[in-house]
Amino acid sequence: MKCDPIQKSLDWCEGKNQYAGIRRRLYYTSRSNVISYPRLPLDENGRVTDSTLVDDFVLQEGVVFQGIDIIPEKSQATSEAQGEYPSQTSLDKIVAVHPGVGPEASNAAAYCHNSDNVYVMQDVDGRARVIGIEDMWPVKSEVAQDFGQGPAGTASTTISITGTNRVPFPNYVGTLKTVDGDIPFSKN
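Criteria and cut-off values
- Residues numbered from 1 in each chain as written.
- Predicted model: local features only at pLDDT ≥ 70, side-chain atom pairs only at ≥ 80, totals over all residues.
- Heavy atoms only, no water.
- Helix = DSSP H or I, 4+ residues; strand = E, 2+ residues; numbered from the N terminus.
- Polar contact = N/O pair within 3.5 Å; in protein donor to acceptor, adjacent residues only side chain to side chain.
- Contact = heavy atoms within 4.5 Å.
- Pairing = 2+ DSSP bridges.
- Axes fitted to C-alpha atoms, helices over the stretch in contact; angles between N-to-C directions.
- Buried < 20%, exposed > 50% of the residue type's maximum accessible area, 1.4 Å probe, protein only.

K.L.:
Would you explain unusual backbone geometry in this entry?
P.N.:
Pro-86 follows Tyr-85 through a cis peptide bond whose omega is 5°. With respect to the helices, strands and loops of the structure, Pro-86 is situated in the loop between strand S6 (76-82) and strand S7 (89-98). At Asp-55, a residue that is not glycine, the phi angle is positive and equals roughly 80°. Following the sequence through the fold, Asp-55 ends up in the loop between strand S3 (52-53) and strand S4 (58-59). One non-glycine residue, Phe-169, adopts positive backbone phi at about 40°. Note on placement: Phe-169 falls in the loop between strand S11 (156-165) and strand S12 (171-172).

What follows is the structure in structure tokens.
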């Protein structure tokens, strides 16, 4: 069996800005709405050859990804290794803070609590990143609401999302069907 490592240089041009954070809108749908998922490309040994997903999400008729507006300055996406060699995966996490606790936020909370969802976020460079592509690993969403303190406090709904992926936050290149219309994402 051929077991050459799939290895590429990880370069960085000194002086190139690397901005932090995620963008203002997060998209989600229940995995029960997904007919087929984009997949990571694999070699003949089943190893990932690229972190960019191949193909589009195919959704049930009439279904689109719904949006959640978040406060980018209070929201964060992180990834860490989990498991042991040779079976390590990435545990991807998003803490998404929505600025409100109204009935719409409570409705979204009730839905997210009890659904295995696919989430798509954009990093600050506009690349789409996904939690929930591997249909063998569920995505967990926990929602908390904070009504704030006094007239100067901030009310918010926080959605803490965790999911396992083979690579940290796989890139999605394709068209995402959303409540805001079709959004094309390219590899930049």
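K.L.:
Any chance you could explain the environment of Gln-7 here in plain terms?
P.N.:
Relative to the helices and strands, Gln-7 resides in the segment before strand S1 (25-30). The sequence separation of Gln-7 and Thr-49 amounts to 42 residues, and the corresponding C-alpha distance is 8.9 Å.

K.L.:
Would you mind going over the side chain of Thr-164 with me for this structure?
P.N.:
Along the chain, the position of Thr-164 falls in strand S11. A distance of 2.7 Å separates the side chain of Thr-164 from the side chain of Gln-82, its partner in a polar contact. Ignoring anything within four residues of it in the chain, the contact list for Thr-164 reads Gln-82, Thr-89, Ser-90, Leu-91 and Trp-137.

K.L.:
Is there a simple way to explain the sheet that holds S12 in this structure?
P.N.:
Within a sheet, adjacent strands bond to each other through the backbone by hydrogen bonds, running parallel or antiparallel. Pairing is mixed across the open sheet formed by six strands, whose spatial order is S3-S12-S9-S8-S1-S5. Each edge of the open sheet is held by one strand with a lone partner, namely S3 and strand S5 (66-69). Direction of pairing for strand S9 (residues 128-131) relative to S12: antiparallel, over a ladder of two bridges. Across the sheet, Arg-129 pairs through a bridge with Asn-171, a residue of S12. Lying on the sheet, helix H1 (residues 103-113) is in contact with S1 and strand S8 (117-122); it crosses S1 at an angle near 50°.

K.L.:
Just to check I follow, could you spell out the environment of Leu-176 for this structure?
P.N.:
One can find Leu-176 in strand S13 (residues 174-178). Not counting residues up to four positions away in its chain, the partners in contact with Leu-176 are Tyr-27, Phe-57, Phe-65, Val-120, Gly-181, Asp-182, Ile-183 and Phe-185.

K.L.:
What is the right way to read the pairing of S7 from this model?
P.N.:
In summary, the side chains of a regular strand alternate between the two faces of the sheet. Among the 10 residues in S7, seven count as buried, and that is most of the element. As defined by bridge partners, S6 adjoins S7 across seven bridges and the pair is classed as antiparallel. By the bridge assignment for S7, Ser-79 is matched with Asp-92. Sheet topology places S7 next to S11; nine bridges connect them, and they run antiparallel. Directly across from Ile-94, in S11, lies its bridge partner Ile-161.

K.L.:
What's the story with the sheet that holds S7 in this structure? I'm lost.
P.N.:
Spatially, four strands are ordered S6-S7-S11-S10 in an open sheet, and the strand pairing comes out antiparallel. Edge positions in the open sheet fall to S6 and strand S10 (139-146), since each of these has one partner strand only. Put simply, the sheet's adjacent strands are angled 15° from each other on average, direction ignored. Together, S7, S10 and S11 form the strand contacts of H1, whose direction differs from that of S10 by roughly 150°.

Structural measurements only, silent on function.
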